[in-house]
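Architecture and fold: a report
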Amino acid sequence: MNSDAIEISGSGFRYSALVGDGSMAKAGEFARKVLSGNRCAIIADETSVRLFGDRISESFTAENFSPHLVRIPAGEKSKSLTQVERICDELIEAGLDRSSFVVGLGGGVVGDISGFVAAIFQRGIPHVQIPTTLLAMVDSSIGGKTGVNLDAGKNLIGAIHHPALIIADVKALESLPPNELRQGYAEIIKHAIIRDAEMFRALSPRTQSKNGFVALIRRNIAIKARIVSADVREVSGERALLNFGHTVGHAIERATNFKIPHGDCISIGMIAACGISTKRAGLSSQERDDVVALLKLFQLPTQLPAEVDRERVVAAVVHDKKFLGGKIRFVVTPTIGDAHVSNDVTMDDIQEGIADL
């Protein structure tokens, strides 16, 4: 693709992640190199349509694609089967067929739902990810996980459907408010805890140059890409490491009806995971304190708001997809830069970890 491409590959898939400054303007050009169909649907929420819709549509039109813009409401509530059905009906009406492709333009919610639509429409068509948030760039756009929510929990219906291409443009981050930017840093800190002690020590919220931001995003994509390539469908346990902090984090999301942003929930979930790791994996109290300090440095929460019902969070944990055959598979860290899946963590441990938040 080009010298800056990060190649992501594994059994049955291979695609590139392009990270740059201004790459969104060349989205159509990049897509033309890997896709042959002419009709495409650009799925975006209202915010992404307002900020980037015209730019992306023009980029694809310039390469003789016929783009159709599909608008969805912003927020987690859009990740529903009802919304998927509406989108698929719109794609049929717009004339898309099995030679067409889907573009997801937005954050993690858009990527999840656009990827799921691409996975099931005409039994599967290509998907291009154009993440516009830091969280989506470093995490959710990579690895092919797609899905929608049920009342019982997050992402309980979905498919592994790898994108044909990822285009991450740091210029898009200029439009993000600080609250949105910090959601991405939660996942960056998670990557550092499970796989990169050097990055953990180097992380700082000081203003970065564009080149520094590109390098940071590329480093995080590379971490996730290595893990995904080794364990595409979470069979060996390697990919499950990416769920560090997510068992409790997802439970907080569900218990609060998604009123607390994803990254904030994962930040609090990582504190619970570190507490459990000190008990079950030998994490030192000093390193646990280092995690707390780094999260606070990025203005990420380290305690559950007092008004959140802890019992509701505990009850939500049992719906976690990572519980196989009723057995708890919990990601722990014995030391910063390393993590593994433990079968020794009990529901009592999790309940205690949540009570301490």
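A few points on the structure. (Residues numbered from 1 in each chain as written. Predicted model: local features only at pLDDT ≥ 70, side-chain atom pairs only at ≥ 80, totals over all residues. Heavy atoms only, no water.)

Details of the side chain of Ser48
Mapping Ser48 onto the fold places it in helix H2 (residues 46-61). According to the relative accessible area criterion, Ser48 is buried, its value standing at 4%. A polar contact of 3.4 Å, which involves the side chain of Ser48, links it to the backbone oxygen of Leu105. With near-sequence residues (within four places) excluded, Ser48 lies in contact with Gly53, Leu105, Gly106 and Thr132. (Helix = DSSP H or I, 4+ residues; strand = E, 2+ residues; numbered from the N terminus. Buried < 20%, exposed > 50% of the residue type's maximum accessible area, 1.4 Å probe, protein only. Polar contact = N/O pair within 3.5 Å; in protein donor to acceptor, adjacent residues only side chain to side chain. Contact = heavy atoms within 4.5 Å.)

Regarding the nonpolar core
Counting residues in each nonpolar core, the largest one holds 98 residues, and the members touching the most others are Phe60, Ile130, Ile189 and Ile217. Contacts of Ile130, omitting those with residues within four sequence positions, involve Met24, Ala27, Ile56, Phe60, Val103, Gly104, Leu105, Gly106 and Ile167. One finds Ile72, Leu91, Val102 and Val148 within the second-largest nonpolar core, a separate group that totals 19 residues. (Core = buried A, V, L, I, M, F, W, Y, C linked by side-chain atoms within 4.5 Å.)

Comments concerning the state of the cysteines
Evaluated as defined, the whole model comprises 0 disulfides. Note on Cys40: no disulfide assigned, nearest cysteine sulfur contributed by Cys88 at a separation of 16 Å. Taking relative accessible area as the criterion, Cys40 reaches 0% and is therefore assigned buried. Free of any disulfide, Cys274 has its nearest cysteine sulfur in Cys265, 16 Å distant. (Disulfide = S-S within 2.5 Å.)

Re the environment of Ala136
Within the secondary structure layout, Ala136 lies in helix H5 (residues 134-140). Classification of Ala136 by relative accessible area gives buried; the value is 1%. Taking C-alpha positions, Ala136 is 9.5 Å from Glu187, a pair spaced 51 residues apart along the chain. For Ala136, the contacting residues outside a window of four places in its chain are Gly106, Gly107, Gly108, Pro131 and Ser141.

Some thoughts on unusual backbone geometry
In this structure, Asn64 is a non-glycine residue whose phi angle is positive, near 65°. Tracing the chain through its elements places Asn64 in the loop between H2 and strand S4 (66-72). At Arg123, a position not held by glycine, the phi torsion is positive, near 65°. Following the sequence through the fold, Arg123 ends up in the loop between helix H4 (108-120) and strand S6 (127-131). A residue is classified by how much of its surface remains accessible, and Arg123, at 80% relative accessible area, is exposed.

Quick look at the side chain of Glu76
With respect to the secondary-structure elements, Glu76 resides in the loop between S4 and helix H3 (81-93). Ignoring anything within four residues of it in the chain, the contact list for Glu76 reads Val109, Asn149, Lys154 and Phe258.

Observations regarding the environment of Asp45
Mapped onto the secondary structure, Asp45 falls in strand S3 (residues 39-45). According to the relative accessible area criterion, Asp45 is buried, its value standing at 12%. Sequence-wise, Asp45 and Gly124 are 79 residues apart; in three dimensions their C-alpha atoms are separated by 22 Å. Discounting residues that sit within four places of it in the chain, Asp45 has contacts with Ile72, Pro73, Ala74, Leu105 and Val110.

Quick notes on the sheet that holds S4
If you trace the 7 strands from one edge of the open sheet to the other, you get S1-S2-S9-S6-S5-S3-S4, paired in mixed fashion. Of all the strands in the sheet, the pair left with one neighbour each is strand S1 (5-10) and S4. The average angle at which neighbouring strand axes cross in this sheet is 20°, direction not considered. Sheet topology note: the S3/S4 ladder contains 7 bridges and is parallel. Residue Asp45 lies in a different strand from S4, and its bridge partner there is Ile72. Relative to S3, H2 is tilted by about 160°, and along the sheet it contacts S3, S4, strand S5 (101-106) and S6. (Pairing = 2+ DSSP bridges. Axes fitted to C-alpha atoms, helices over the stretch in contact; angles between N-to-C directions.)

Let's talk about the environment of Ile43
Take Ile43: it is sitting in strand S3. Judged by relative accessible area, which is 0%, Ile43 ranks as buried. C-alpha separation for the pair Ile43 and Asn179, spaced 136 residues apart in sequence, amounts to 24 Å. The contact partners of Ile43, leaving out residues within four places of it in the chain, are Val70, Ile72, Ile87, Val102, Val103, Gly104, Leu105, Val110, Ser114 and Val117.

Focus on the pattern of salt bridges
Side chains that differ in sign of charge can pair as their charged atoms come close. Across all of its chains, the model carries 18 salt bridges by this definition. The partner of Glu7 in a salt bridge is Arg14, with the nearest N and O atoms 4.0 Å apart. Assessed through its relative accessible area of 60%, Arg14 is described here as exposed. Between Lys154 and Glu76 there is a salt bridge whose closest N-O contact spans 3.7 Å. Highlighted residues: Lys154 in strand S8 (residues 153-160) and Glu76 in the loop between S4 and H3, separated in sequence by 78 residues. Taken together, the shared-partner salt bridges connect Glu76, Lys79, Asp112, Lys154 and Glu253 into one network. (Salt bridge = Lys/Arg side-chain N within 4 Å of Asp/Glu carboxyl O.)

So, H4
Between its terminal C-alpha atoms H4 stretches 18 Å, which fits the 18 Å expected from 13 residues at 1.5 Å a residue. For H4, a buried count of 11 out of 13 residues is recorded, marking the element as mostly surrounded by other parts of the structure. Two residues or fewer after H4 comes Gln122, characterised by a positive phi angle close to 55°. (Expected span 1.5 Å × (residues − 1).)

By themselves these figures say nothing about function.
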